[in-house]
Amino acid sequence: MSIWWSLHLRREAASVPLARRLLIGTMETAGVDPDISFDLSVALSEACANAVEHGGDDGPGGPREAYRVTAYLDGERCRIEVADTGPGFPAAAPGRPQGVARPAPAEAESGRGLCLIRELADHVHIGSAPGRAGAVVSFDKILKWREDAPLMAV
């Protein structure tokens, strides 16, 4: 069983719960375990919130007013990618891979999103889009299924 969908969303706060609800609805319909669905939906929300906040700086009507979310439920794995057209991630410091999230200070009110995504997903790739401006956050998780899952992988 495979399901995939892709959304082209405006960089507005209202787009974050829309993407999250679509993911949760897809997983619920497929029969994915609710705990796995919750973890992935939180990770997706963090990635989308980052795209909304940092994903571009062009003026109204410019190409940087949108970002893309793509989700694949394929067999035993769900893979999610969030890509924007913003400045991307800064170049890596010597001895440090590009896109590695640094923990935010305990008193910080933001800055924990990428670390949270790393905690909730099995595999995470954070980097800049090859050949164009923008950041790409992709992550996947092995799925667990409800007993009554109608679309469970065999």
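Above this text is the structure in question.
Residues numbered from 1 in each chain as written. Predicted model: local features only at pLDDT ≥ 70, side-chain atom pairs only at ≥ 80, totals over all residues. Heavy atoms only, no water.

**Examining the pattern of salt bridges**
(1) Moving on: Inspection of the entire model under this criterion finds seven salt bridges.
(2) Moving on: Across the pair Arg79 and Asp140 runs a salt bridge whose closest N-O atoms are separated by 3.6 Å. Taken together, the residues Arg79 in strand S3 (residues 77-84) and Asp140 in strand S5 (residues 135-142) connect sequence positions 61 residues apart.
(3) Moving on: One salt bridge in this structure joins Arg146 and Asp148, with 3.0 Å as the shortest N-O distance.
(4) Moving on: Since its relative accessible area comes to 24%, Arg146 is described here as partly exposed.
(5) Moving on: Salt bridges here are not isolated pairs; linked through shared partners, they connect Arg10, Glu12 and Glu65. (Salt bridge = Lys/Arg side-chain N within 4 Å of Asp/Glu carboxyl O. Helix = DSSP H or I, 4+ residues; strand = E, 2+ residues; numbered from the N terminus. Buried < 20%, exposed > 50% of the residue type's maximum accessible area, 1.4 Å probe, protein only.)

**So, the packing of helix H2 (residues 34-54) against helix H3 (residues 113-120)**
(1) Moving on: Packing of H2 against H3 brings their axes to within 9 Å, and their N-to-C directions diverge by 155°. Of the possible angle classes, the one that applies to H2 and H3 is roughly antiparallel. Where H2 crosses over H3, the handedness of that crossing is left-handed. For the pair H2 and H3, contact is made by Asp39, Val42, Ala43, Glu46, Ala47 and Asn50 and by Gly113, Leu114, Leu116, Ile117 and Leu120, respectively.
(2) Moving on: The class makeup of the residues in the contact of H2 with H3 is seven nonpolar, two polar and two charged. (Axes fitted to C-alpha atoms, helices over the stretch in contact; angles between N-to-C directions. Parallel < 35°, antiparallel > 145°, perpendicular 65-115°, else oblique. Left-handed = near helix turned anticlockwise from the far one by under 90°. Contact = heavy atoms within 4.5 Å. Nonpolar A, V, L, I, M, F, W, Y, C, P; charged D, E, K, R; others polar.)

**Regarding the sheet that holds strand S2 (residues 66-74)**
(1) Moving on: The five strands are arranged S1-S2-S3-S5-S4 in an open sheet whose pairing can be described as antiparallel. Strands at the two margins of the open sheet, each flanked by one partner only, are strand S1 (2-10) and strand S4 (123-128). Each strand of the sheet is rotated relative to its neighbour by a mean of 10°, with strand direction disregarded.
(2) Moving on: Pairing of S3 with S5, which is carried by seven bridges, proceeds in the antiparallel orientation. Across the sheet, the residue bridging to Val82 is Val137, located in S5.
(3) Moving on: In this fold H2 packs onto S2, S3 and S5, with an angle of close to 180° to the strand it touches most, S5. (Pairing = 2+ DSSP bridges.)

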